[in-house]
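Survey of secondary and tertiary structure
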There are 2 protein chains.
Amino acid sequence: MNARSGTGWRAVRDEVRRRIASGKWGPGQLIPGESALAREFGCARATVNRALRELAADGLLCRKRRVGTRVAASPERRAILRIPLIREEIAALGLGYSYRLITRERRVPPEAIRAGLELPAGVAALSVQALHLGDGTPCVLEDRWVDLRTVPAIAEADLAQVSANEWLVRNVPLAEGRIAILALAADAGVAARLGCAPGSALIAIERQTQIEAGPVTVARLTYRPGHRIESTI
Amino acid sequence: MNARSGTGWRAVRDEVRRRIASGKWGPGQLIPGESALAREFGCARATVNRALRELAADGLLCRKRRVGTRVAASPERRAILRIPLIREEIAALGLGYSYRLITRERRVPPEAIRAGLELPAGVAALSVQALHLGDGTPCVLEDRWVDLRTVPAIAEADLAQVSANEWLVRNVPLAEGRIAILALAADAGVAARLGCAPGSALIAIERQTQIEAGPVTVARLTYRPGHRIESTI
DNA sequence: AAGTGGTCTAGACCACAGA
DNA sequence: CTGTGGTCTAGACCACTTC
């Protein structure tokens, strides 16, 4: 039975999606229960469950126990943003990757960073500034603070060889965190590093990550002019 | 058995995640097969499968038939970008939403738009410009082209009352597409609409959506200065 | 050929939220 | 209490990939 092209959870998912797209099941409408659909499609309830669960994860359905499954009233679109290593991001553009460490010093951070790392006043952290280049031209400026209480080992790392971005991914896996995308005008310092005109509109990503043991890092990645962050819906 | 706190697919998922985080299972390493893990955890293989499938979807594991399951070599982080209706986005900021239609005309688009809509040369589309406001101040400038071949019904819509953004979500569900986030400097026109200084660095989202029947719309949403697109990793 | 993950089944029990 | 989705099980077969 499962060899038939018309069965399987993907077939159920696609058929449900089709019914929503065609308007047969309108926004907010209650659709038949899992058992009823299983009977209709001639498959097990678990198969229907799998299909509906996927659609709910996509934001297309809204499921509640005892209540049933409804078509989402205003289907909220979601895009998945892939956040690769900067090295891989540049390599994916077909450019030869290189990396230059600008500064690396242990010092007391300014207030905004201190708050982000939940650092007591007057305690030092590791400040790293570096430039990621593609075919020799600046692509990304990395401005990072690392919490030495949580990640003391980075003090021994040779950040001239391996970027802090990469060291952290390798040595502190599974960090959770927040991310923000913003636009900023290049000041004189950033413009000089990235080789663009002062005042250029640049896109930047700010990340703040932590693990169970505590805050890990606060970083701002500023991209060269014209950079686009792309994804599919 | 399944009432015990230590079982269930979430428990398996969390334990596997812990083993990766602790380094017990390092990057690139082959982990035990589903059957072995099922025996170890005292559950069915399907339960282990569910747990590992979730972790693989998160990019933490790499699974291949016949080969087995490996810890991802460089765990690629992913952020989920929620893309709500602009009205809901502004309401979520606690601001009172209002909307103003600027222009709405049927005309032949410039080359860049024509290509995006895969429109034959000389064919007209619907151009809509509108402003979304929060508490009366401009928040988002919407510059949109709609393909009238795919969505002829929008020609009858009263876009002074309901924004094209909202009309499309309600009437063309399930559109797929691409999205790009970019920074741009406000030109005189944009600056006047958004009430900011010319040259301000602004963040914009470009979307291109289509359904099976054909291209639907190309839109650029330009946000007021200081806007941040936020998400969690 | 063999071993891995991918999926399906039929049945069961549980958790939750309305009536 | 009742009916819904959420999950688990034990077993089975399939699909793919490498040997």
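Residues numbered from 1 in each chain as written. Chains lettered and ligands numbered in written order. Predicted model: local features only at pLDDT ≥ 70, side-chain atom pairs only at ≥ 80, totals over all residues. Heavy atoms only, no water.

Side note on the overall build of chain A
Of regular secondary structure, chain A possesses seven helices and eleven strands. Its C-alpha radius of gyration of 24 Å places chain A more than 25% over the 17 Å reference for a compact globule of 233 residues. Per-residue burial over chain A gives 45% buried out of 233 residues. Residue pairs at least 24 apart in sequence account for 58% of intrachain contacts in chain A once pairs closer than 6 positions are excluded. (Helix = DSSP H or I, 4+ residues; strand = E, 2+ residues; numbered from the N terminus. Rg over C-alpha atoms; globule rule 2.2 N^0.38 Å. Buried < 20%, exposed > 50% of the residue type's maximum accessible area, 1.4 Å probe, protein only. Contact = heavy atoms within 4.5 Å.)

A closer look at the side chain of Asp147 of chain A
Summarising the element assignment, Asp147 of chain A is placed in the loop between strand 7 (137-146) and helix 6 (164-171). Setting aside anything within four residues of it in sequence, one finds Asp147 of chain A in contact with Leu117, Leu119, Pro215 and Val216 of chain A.

Observations regarding the interface of chain B and chain A
Each side of the interface is counted separately: chain B has 47 residues, and chain A has 47 residues. Across the interface of chain B and chain A, roughly 4100 Å² is buried in total on both sides, 57% from carbon and sulfur atoms. Considering only the surface of chain B that becomes buried against chain A, Arg77, Leu174 and Ile233 of chain B emerge as the three largest contributors, covering 16% of it. Across the contact surface, chain B and chain A share 16 residue pairs in polar contact (both at pLDDT 80 or more). Where the side of chain B that touches chain A is concerned, the elements lending two or more residues are helix 1 (9-21), helix 3 (45-57), strand 4 (77-83), helix 6 (164-171), strand 8 (176-185), strand 9 (201-211) and strand 11 (229-232) of chain B. Ranked by the residues each element gives to the side of chain B that touches chain A, the list is headed by strand 8 of chain B, at ten residues. In this sheet, strand 11 of chain B lies alongside strand 8 (residues 176-185) of chain A in antiparallel orientation, the contact comprising four bridges. Within the sheet, the bridge partner assigned to Ile179 of chain A lies in strand 11 of chain B and is Ser231 of chain B. (Buried area = accessible area lost by both parts, 1.4 Å probe. Polar contact = N/O pair within 3.5 Å; in protein donor to acceptor, adjacent residues only side chain to side chain. Pairing = 2+ DSSP bridges.)

Notes on the nonpolar core
Core analysis: the largest hydrophobic core is formed by 34 residues, its most contacted members being Ile181, Ile203 and Ile229 of chain A together with Ile181, Ile203 and Ile229 of chain B. Contacts of Ile181 of chain B, omitting those with residues within four sequence positions, involve Ile181, Ile203, His227, Arg228 and Ile229 of chain A together with Leu81, Ile203, Ala204, Ile205 and Ile229 of chain B. If you look at the next biggest cluster of nonpolar residues, it comprises 16 residues, including Ile31, Val48, Leu52 and Leu60 of chain A. (Core = buried A, V, L, I, M, F, W, Y, C linked by side-chain atoms within 4.5 Å.)

Describing the environment of Arg178 of chain B
For Arg178 of chain B, the position within the fold is in strand 8. Expressed as a C-alpha distance, the spacing of Arg178 of chain B and Val108 of chain B, which sit 70 residues apart in the sequence, is 23 Å. Not counting residues within four places of it along the chain, the set of residues in contact with Arg178 of chain B comprises Ser231 and Thr232 of chain A together with Glu206, Arg207 and Gln208 of chain B. Among the polar contacts made by the side chain of Arg178 of chain B, one reaches the side chain of Gln208 of chain B at a distance of 2.8 Å.

Let's talk about the sheet that holds strand 3 (residues 68-71) of chain A
All names here are of chain A. Strand order in this open sheet of three strands is 1-3-2, and the pairing throughout is antiparallel. Only two strands of the sheet have a single neighbouring strand rather than two, namely strand 1 (30-31) and strand 2 (61-64). One ladder, built from two bridges, connects strand 1 with strand 3; its direction is antiparallel. Among the inter-strand pairings, Ile31 is bridged to a residue of strand 3, identified as Thr69.

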